[in-house]
Amino acid sequence: MKVNIQSMLPGFFAVGLLASLKVCAACTVIDTSCSVAKASQKQEFICEAFICGNIHRLSAGWEYDNGARVSIIVKGSEKEVTINGLPGVEISSPDDNDMLCVSTVSDTVVYCAKGLSGYDN
């Protein structure tokens, strides 16, 4: 059986190229001020927030001590906001300060973290 090496070269090249591609990500974790506001009550906490990015997407989020978790993922012009796994929306800060704020569509609770506004610029 005779094998034609030349006809196999493009396949080997493609596999080698895919195997050599790496997606590098950079993450920053900060201790910052977070808040939860419901109706006229607002609670502030120290929380850990993160911003991660690579050539395909940017993500930011934070987690509260009680397990509540906020996540924002940006891929191109698409933005996905989740709060405890439920769909959410990014909203302007009610206190007009340097806070990134989100809320679920069906809830009146506002979750905010300081120092992340402008993360996707």
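Details of the structure are given in the entry above.
The paragraphs below set out a description of the structure included in this document. In this text, all values refer to a predicted model and were calculated from it rather than measured experimentally. (Residues numbered from 1 in each chain as written. Predicted model: local features only at pLDDT ≥ 70, side-chain atom pairs only at ≥ 80, totals over all residues. Heavy atoms only, no water.)

1. Things to note about the overall build of the protein chain
Line of reasoning, step 1. Looking only at helices and strands, the protein chain has 1 helix and 8 strands in total.
Line of reasoning, step 2. Listed by position from the N terminus, the elements making up the protein chain come as α-β-β-β-β-β-β-β-β.
Line of reasoning, step 3. Taking all 121 residues of the protein chain together, 31% fall into the buried category.
Line of reasoning, step 4. Long-range pairs, those at least 24 residues apart, make up 33% of the contacts in the protein chain with a sequence separation of at least 6.
Line of reasoning, step 5. When the accessible surface of the protein chain is totalled, it reaches about 8,400 Å², and 56% of it is carbon and sulfur. (Helix = DSSP H or I, 4+ residues; strand = E, 2+ residues; numbered from the N terminus. Buried < 20%, exposed > 50% of the residue type's maximum accessible area, 1.4 Å probe, protein only. Contact = heavy atoms within 4.5 Å. Areas by Shrake-Rupley, 256 points an atom, 1.4 Å probe, with all protein chains shown as cover.)

2. Description of the sheet that holds strand 7 (residues 99–104)
Line of reasoning, step 1. Ordered by their spatial adjacency, 8 strands build a closed barrel running 1-2-3-4-5-6-7-8, and the pairing between neighbours is antiparallel. When strand polarity is set aside, the average angle formed by the axes of neighbouring strands in this sheet is 30°.
Line of reasoning, step 2. Across 6 bridges, the pairing between strand 4 (residues 69–75) and strand 5 (residues 78–83) is antiparallel. For Val 70, the partnering residue across the bridge sits in strand 5 and is Ile 83. (Pairing = 2+ DSSP bridges. Axes fitted to C-alpha atoms, helices over the stretch in contact; angles between N-to-C directions.)

3. Notes on the pairing of strand 2 (residues 41–53)
Line of reasoning, step 1. Alignment of strand 1 (residues 26–38) against strand 2, held across 13 bridges, turns out to be antiparallel. Bridge pairing in strand 2 places Lys 38 opposite Gln 41.
Line of reasoning, step 2. Hairpin connection between strand 1 and strand 2: a loop of 2 residues separates the two successive antiparallel strands, and Ala 39 in this loop has a positive phi of roughly 55°.
Line of reasoning, step 3. Inspection of the sheet shows strand 2 paired to strand 3 (residues 58–63) by 6 bridges, in the antiparallel sense. Directly across from Phe 50, in strand 3, lies its bridge partner Gly 61.
Line of reasoning, step 4. Hairpin connection, strand 2 to strand 3: the antiparallel pair is bridged by 4 residues.

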